[in-house]
Amino acid sequence: MLILILAESALETVPKEIANHPAVKKHAMRRGKKPHQTILDRSYHHRAMLSLPNSEKRGRPDIVHFSLLSALGTPLAKEKLLEIYVHTIADYVIYVNPEVRLPRNYLRFIGLMEQLFIHGKVPPKSQKPLLQIEKKTFKKLMEEIGPEYTIAFTRKGEKQTLESAISKIADKRKAAVIVGGFPHGNFSEQTLKLADETICIDLETLEAWTVTARIIYEYERFIGLPEKRIGKVG
């Protein structure tokens, strides 16, 4: 089982510090919502965000959207061998049911996330929600998951090939990989301390969804999933 965690993700509702900013209020009014009910998005809230701490890491919900689409469409997910969690920069955790079918359209995805933050789960009255959110630190999440081995992928890590990295976890019953769900900056020290190893797989910064897709495919290859799904070649 592979556990994918998008950590410190740039997905959050508009914080109260900028809820009264003209750009935020204008966008919320256009959406027919209150400012605190809308998702922070740099495309609309750039000027308002300049005063926020860690602003360079915030306001990019598209990173979570693309990364989740990339992960949920894989054979590993279809075989129910992939668990996915989204930890946000504001210390919320989204539990992702592998059976969820996320909207491909970005605006519909944003609407779904806004509903999730308001109601705590989607569908709101479901006993088995497809998405559920809880206020929880990354440390608490890791204690809850209890992986045997955890690798964080970061430019500050030890330089290794992806093949070498995945070879260390392919035989684990429960292994976790941490991918940053933010556009710029680095993981906090608190997050890195919870990984057994930090690894850099490329000299250039790769998009989170690219790293996600490559990790999952390499893991599938190590456990022989392609052959199992289509039959042994020859």
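Position labels on residues start from 1 in each chain and follow its written sequence. Residue-level local features of this predicted model are given only where pLDDT is at least 70; pairs of side-chain atoms are given and counted only at 80 or more, and the full residue set underlies all totals for whole chains, interfaces and linings. Hydrogens and waters are ignored; side-chain quantities use all the structure's heavy atoms.

## Considering the nonpolar core
Note the cut-off: Nonpolar core, defined: a set of buried Ala, Val, Leu, Ile, Met, Phe, Trp, Tyr and Cys residues in which side-chain atoms within 4.5 Å join the residues together. Only protein chains enter the accessibility calculation, which uses a 1.4 Å probe; a residue is then buried when its area is under 20% of its type maximum, exposed when over 50%, and partly exposed in between. To qualify as a helix, a DSSP run of H or I must reach at least 4 residues; to qualify as a strand, a run of E must reach at least 2; elements of each kind are numbered from the N terminus. Whether two residues are in contact is decided by their heavy atoms: any pair within 4.5 Å suffices.
Grouped together as the largest cluster of nonpolar side chains are 45 residues, with contacts concentrated most on Leu 131 and Phe 153. No other element matches helix H5 (residues 106-119), which puts six residues into this core. Look past the residues within four positions of Leu 131 in its chain and what remains in contact with it is Ile 94, Tyr 95, Val 96, Val 100, Leu 102, Leu 112, Met 113, Leu 116, Gly 120, Lys 121 and Val 122.

## Focus on the layout of surface pockets
We apply this condition: Any residue with an atom within 4 Å of a point lines the site, the site being either a cavity, points on a 1 Å grid over the protein atoms alone where a 1.4 Å probe fits but cannot get out, or a pocket, an open set with protein on both sides within 12 Å along at least 5 of 7 lines. Grid points are joined across faces, edges and corners, and a volume is the space filled by probe spheres set on the points.
Volume-wise, the largest pocket comes out at about 480 Å³. The wall of the largest pocket is formed by 23 residues, among which Phe 153, Thr 154, Arg 155, Thr 205 and Leu 206 lie closest to the centre. Of all elements in the fold, only strand S6 (149-159), strand S7 (175-180), strand S8 (197-200) and helix H9 (208-222) reach the threshold of two or more residues within the lining of the largest pocket. Here the lining of the largest pocket takes three residues from S6, the largest share from any one element.

## Quick notes on the environment of Lys 25
Tracing the chain through its elements places Lys 25 in helix H1 (residues 22-31). Separated by 52 residues in sequence, Lys 25 and Ala 77 have C-alpha atoms that sit 39 Å apart.

## Quick notes on the pairing of strand S3 (residues 92-96)
The cut-off we apply is this: Any two strands are treated as partners once DSSP identifies two or more bridges connecting them.
Burial runs high along S3: four of the five residues are buried. Judged from the four bridges that link them, strand S2 (residues 82-88) and S3 form a sheet pairing that is antiparallel. Counterpart to Val 86 in the pairing with S3 is Ile 94. Pairing of S3 with strand S5 (residues 131-135) involves five bridges; the strand directions are antiparallel. Paired with Val 93 across the two strands is Glu 134, which belongs to S5.

## Brief notes about the side chain of Glu 8
Here Glu 8 shows up in strand S1 (residues 2-9). Apart from residues no more than four positions distant in its own chain, Glu 8 is found in contact with Lys 57, His 87, Thr 88, Ile 89, Gly 181, Phe 182, Asn 186, Phe 187, Ser 188 and Thr 191.

## Structural notes on the side chain of Thr 38
Note the following rule: Think of a polar contact as two N or O atoms within 3.5 Å of one another; within protein, one of them needs to be a possible hydrogen donor and the other a possible acceptor, and neighboring residues in sequence only count if both atoms come from side chains.
Looking at the element boundaries, Thr 38 is found in the loop between H1 and helix H2 (42-49). Among the polar contacts made by the side chain of Thr 38, one reaches the main-chain carbonyl oxygen of Pro 35 at a distance of 2.7 Å. When sequence neighbours within four positions are dropped, the list of residues in contact with Thr 38 reads Glu 12, Thr 13, Val 14, Ala 28, Lys 33 and Glu 114.

## Some remarks on unusual backbone geometry
In the segment running from Val 122 into Pro 123, the intervening peptide bond is cis, with an omega of -10°. Summarising the element assignment, Pro 123 is placed in the loop between strand S4 (121-122) and S5. Non-glycine residue Glu 8 carries a positive phi angle of around 55°. Here the phi dihedral of Asp 91 falls at roughly 65°; this positive angle occurs in a residue that is not glycine.

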